[in-house]
Amino acid sequence: MKTLKRRADFLRARQGQQIRRSCFTMQVLSNDLSFARIGLTVTKKTGNAVVRNRIKRRLRAAAGELLPTLGRPGHDYVLIARRRALTVPYQGLLDDLSAALHDAATSGEAGPFRNERAAPN
């Protein structure tokens, strides 16, 4: 599993589609590569270093399990964790990530952010 390492890649992903779930917000943006990449963000608001690292381990494990099969090559996925990612059962985390990856795949090209709750024109 390839990971995002540069700040510029994380900032670029902010321009893409955002999918909100109870455990995280996922940002998706297409890239020019032939493989998918994942980036994890856990802010200090979620807890101390032990809590943040545990959340990252759980998200990394779930992404490693689902991204090879459900992720689209040529896309960057950034998961911005919420504190709930620490306490939800692992299967619930997998369900959230699976649904988010499915939504990203079926919503067309992962382009600029679209607010899906906005009223139609």
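Residues numbered from 1 in each chain as written. Predicted model: local features only at pLDDT ≥ 70, side-chain atom pairs only at ≥ 80, totals over all residues. Heavy atoms only, no water.

### Digging into the nonpolar core
Our working definition: We call a set of buried Ala, Val, Leu, Ile, Met, Phe, Trp, Tyr and Cys residues a nonpolar core when their side-chain atoms join them within 4.5 Å. Only protein chains enter the area calculation, which uses a 1.4 Å probe; residues under 20% of their type maximum are buried, those over 50% are exposed, and those in between are partly exposed. Each helix corresponds to a stretch of at least 4 residues labelled H or I by DSSP, and each strand to a stretch of at least 2 residues labelled E; elements are numbered beginning at the N terminus. Whether two residues touch is decided by their heavy atoms; if any such pair falls within 4.5 Å, the residues are in contact.
Core analysis: the biggest nonpolar cluster contains 27 residues, and Phe24, Met26, Ile55, Tyr77 and Leu97 have the highest contact counts within it. Elements supplying a minimum of two residues to this core: β3 (24-30), α2 (49-70), β5 (75-81), α3 (84-87) and α4 (90-106). The dominant element in this core, judged by the number of residues it contributes, is α2, at seven residues. Sequence-distant contacts of Met26, defined by excluding residues within four places in its chain, comprise Gln17, Gln18, Ile19, Tyr77, Val78, Leu79, Leu97, Ala100, Leu101 and Ala104.

### Things to note about the pairing of strand β4 (residues 37-41)
On a regular strand, one side chain projects to one face of the sheet and the next to the other, so that they alternate. Which entries qualify depends on this criterion: Between any two strands, pairing holds if DSSP finds at least two bridges. Looking down the strands as they point away from you, a crossover is right-handed if its path from the first strand over the helix to the second goes clockwise.
By the bridge criterion, two bridges tie strand β1 (residues 2-3) to β4 in an arrangement that is parallel. The residue bridging Lys2 from the neighbouring strand is Arg37, located in β4. Sheet topology places β4 next to β5; five bridges connect them, and they run parallel. Pairing of Leu40 across the sheet is with Leu79, part of β5. Taken together, β4, α2 and β5 form a β-α-β motif whose crossover is left-handed.

### Here we look at the packing of aromatic side chains
Note the following rule: Any pair of Phe, Tyr and Trp rings, taking the six-membered ring for Trp, is counted once the centres come within 6.5 Å. Such a pair is stacked with planes under 30 degrees apart, edge-to-face with planes over 60 apart, and tilted for the rest. By definition, being over a ring means that NZ of Lys or CZ of Arg is both within 6 Å of the ring centre and within 35 degrees of the ring normal.
For the coordinates displayed, the defined rule picks out zero aromatic pairs. Over the face of the ring belonging to Phe35 we find Lys2, whose NZ or CZ atom lies 5.4 Å from the ring centre.

### So, the pattern of salt bridges
Put simply, the test is: Criterion for a salt bridge: a side-chain nitrogen of Lys or Arg within 4 Å of a carboxyl oxygen of Asp or Glu.
The full count for this structure, using the stated rule, is four salt bridges. The salt bridge involving Asp103 is made with Arg21; its shortest N-O contact spans 2.2 Å. Of this pair, Asp103 sits in helix α4 while Arg21 sits in the loop between β2 (17-20) and β3, placing them 82 residues apart in sequence. Owing to a relative accessible area of 21%, Arg21 belongs among the partly exposed residues under this scheme.

### A look at the packing of α2 against α4
The axes of two packed helices give the description: the angle between them and the distance between them. To be explicit about the condition: All axes here are fitted lines through C-alpha atoms, helices being fitted over the stretch that makes contact, and every angle between N-to-C directions spans 0 to 180 degrees. Relative orientations are named as follows: roughly parallel for angles under 35 degrees, roughly antiparallel for angles over 145 degrees, roughly perpendicular for angles from 65 to 115 degrees, and oblique for any other angle. Note on convention: the crossing is left-handed when the near helix lies turned anticlockwise from the far helix by less than a right angle, right-handed when the turn is clockwise. Residues are sorted three ways: Asp, Glu, Lys and Arg are charged, Ala, Val, Leu, Ile, Met, Phe, Trp, Tyr, Cys and Pro are nonpolar, and all the rest, Gly among them, are polar.
Two elements in contact, α2 and α4, have axes separated by 10 Å at closest approach and are oriented at 40°. It follows that α2 is oblique to α4 by the angle criterion. In this structure, α2 meets α4 at a crossing whose hand is right-handed. The segment α2 lies against α4, with Arg58, Leu59, Ala61, Ala62, Ala63, Glu65, Leu66, Leu67 and Leu70 engaging Tyr90, Leu93, Leu94, Leu97, Ser98 and Leu101. Tallied by class, the residues present in the contact of α2 with α4 amount to 12 nonpolar, one polar and two charged.

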